[in-house]
Amino acid sequence: MVYVIDGHIDTATAILRQFRLFSERSDRNHVDLPRMKEGKVQAALFAIYPAMSRYNLINGLDIWFKLVDDPKNELMHIKKVSDFDKAKKEGKIGAVLHFEGAGGIDSEFQILRLAYRLGLRTMGISWSNINNYATGMLFQGPQVDRGLTLEGKNLVKESQKLGITIDASHLNEPSFWDLMDITEKPIFASHSNARAIGPHQRNLKDDQIKAIYDSKGTIGINFCASFLDKEMRINPDPIDLPLEIFKEHIDHIVEHADINTVAMGSDYDGATVPECMFDCSTFPKLFDYLSDTYSKDDLEKIGSKNLMRVFSDTWK
Ligand SMILES: [Zn+2]
């Protein structure tokens, strides 16, 4: 049985937009309590998305705590690494508070420090946009050749001092390399794939994969069909990709880094995913398929242990 810590889901936002209940099984989108249990998802990084303005942060935090605090939802807010086990023992699903982008944080980092006290443990510096701190991989138009600003470098330092893991997914290449230059802690890309397999610009080039490996970080396999696909076919067409494509991305990361670098970052509730992995209840199917190639130990690393190691090395 392989348990999963999913490195990226947009469920908090999706639930609100769709007026569905997290505690009840739905046939819409990808994540709810019954389906997480079925998929052996022991915890996930529930993103506040996109955390690009003060309003989005405050509104997102309000939604996030309504979701996590409702006893019907059987969630536990994860603030330290031992909480993962505690949640599992209590039959609850762990929820890590994640900011997808730092654009809503003030330049004196007051919100950052308050958010840490509220339980923020992981954060991207920019979503796919430009903010005071960094530049994202833009989804449209030409890319911008601008890396981390001075404030961005200070934000990384302050976050790592507090015990917040920095997420490199969504950064453009100059921002990525500036981050890797200054980081003193492991960096994870919560939801990005291998560009050598899937040419989408949100995926990581081989030298980026190697740099994350050098930092002792992880790369979470993103289930977004257009990021997986070799031809980058665009959402929202339902795309019939085989399970093999997941293995190709994983194999490539193992080859260019190692088994300790691979994690899960489905992007469920925020992306269009292949039919074979239609929601979070399907994780056992993927691990079953991978068990022809990978040992149980390896699969446990990919499922949860690698991410837990990164959190052990970056949280206080
Ligand atoms: Zn994202």
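Here the structure is a predicted model, which means the values were calculated and not measured.

Novice: Even after reading the chapter, I still don't get the packing of helix 1 (residues 11-18) against helix 3 (residues 54-69), so can you show me in this structure?
Specialist: Relative placement of two packed helices is described by the angle separating their axes and the distance separating the axes. In the contact formed by helix 1 and helix 3, the axes pass within 9 Å of each other and the chain directions differ by 90°. The pairing of helix 1 with helix 3 is recorded here as roughly perpendicular in orientation. Here helix 1 contributes Ala12, Ile15 and Leu16 to the contact with helix 3, which in turn contributes Gly60, Ile63, Trp64 and Leu67. Per-class residue counts for the contact of helix 1 with helix 3 are six nonpolar, one polar and no charged.

Novice: Just checking my understanding: could you explain the pairing of strand 4 (residues 93-99) for this structure?
Specialist: Counting buried residues along strand 4, seven of its seven residues qualify, which places the element largely inside the surrounding structure. Here strand 4 shows two buried faces, one formed by Ile93, Ala95, Leu97 and Phe99 and the other by Gly94, Val96 and His98. Bridge count for strand 3 (residues 75-77) against strand 4 is three bridges, and the pairing is parallel. Looking at the pairing, Leu75 lines up with Ile93 of strand 4. Direction of pairing for strand 4 relative to strand 5 (residues 120-124): parallel, over a ladder of three bridges. Its bridge partner being in strand 5, Phe99 is matched across the sheet by Met123. With helix 5 (residues 110-118) bridging strand 4 and the parallel strand 5, this β-α-β connection has right-handed handedness.

Novice: How do you make sense of helix 10 (residues 244-256) when you look at a structure like this?
Specialist: Residues three or four positions apart in an α-helix share a direction because the helix packs 3.6 residues into each turn. Its 13 residues place the ends of helix 10 18 Å apart at the C-alpha level, agreeing with the 18 Å of an ideal helix rising 1.5 Å per residue. Of the positions making up helix 10, those classed as buried are Ile245, Phe246, His249, Ile250, His252, Ile253 and His256. One face of helix 10 carries all of its buried residues, which in axial projection span an arc of 160°. Away from its buried face by more than 90 degrees, helix 10 exposes Glu244 and Glu255. Buried positions along helix 10 lie against helix 8 (206-214), strand 7 (219-221), helix 9 (225-228), strand 8 (262-264), helix 11 (283-290) and helix 12 (296-314).

Novice: Just to check I follow, could you spell out helix 7 (residues 173-182) for this structure?
Specialist: Along helix 7, the residues classified as buried are Ser175, Phe176, Asp178 and Leu179. Here the buried residues of helix 7 occupy an arc of 165° about the axis, which is enough to place them on one side.

Novice: Just to check I follow, could you spell out the pairing of strand 5 for this structure?
Specialist: A regular strand places its side chains so that they alternate between the two faces of the sheet. In terms of burial, strand 5 is largely enclosed, as five of its five residues are buried. Examined bridge by bridge, strand 5 and strand 6 (residues 165-167) share three bridges and lie parallel to one another. Bridge pairing in strand 6 places Met123 opposite Ile166. The β-α-β motif built from strand 5, the intervening helix 6 (residues 150-162) and the parallel element strand 6 has right-handed crossover chirality.

Rules of the game
- The residue numbering used here restarts from 1 in each chain and proceeds along that chain's sequence as written.
- Side-chain atom pairs in this predicted model are given and counted only at pLDDT of 80 or more, local residue features only at pLDDT of at least 70, and totals for whole chains, interfaces and linings cover all residues.
- Lines fitted to the C-alpha atoms define the axes, with helices restricted to the stretch that makes contact. Angles between their N-to-C directions range from 0 to 180 degrees.
- Strands here are runs of E lasting at least two residues and helices are runs of H or I lasting at least four, both read from the DSSP assignment and numbered beginning at the N terminus.
- Should an angle fall under 35 degrees it is taken as roughly parallel, and over 145 as roughly antiparallel, whereas 65 to 115 is taken as roughly perpendicular and any remaining angle as oblique.
- Placing C-beta atoms from the backbone, we regard two residues as in contact once those atoms come within 7 Å.
- Just so you know the grouping, Ala, Val, Leu, Ile, Met, Phe, Trp, Tyr, Cys and Pro go in nonpolar, Asp, Glu, Lys and Arg go in charged, and all remaining residues, Gly too, go in polar.
- Each residue is classified by how many other C-beta atoms fall within 10 Å of its C-beta atom, where C-beta atoms are placed from the backbone; a count of 20 or more means buried, 12 or fewer means exposed, and values in between mean partly exposed.
- If DSSP finds at least two bridges between two strands, the strands pair.
- We call a crossover right-handed when, viewed with the strands running away from us, the connection from the first strand over the helix to the second turns clockwise.
- One less than the residue count of a helix, multiplied by 1.5 Å, gives the span that helix is expected to have.
- Picture the helix axis, draw a direction to every C-beta atom, and the arc is the one those directions span.

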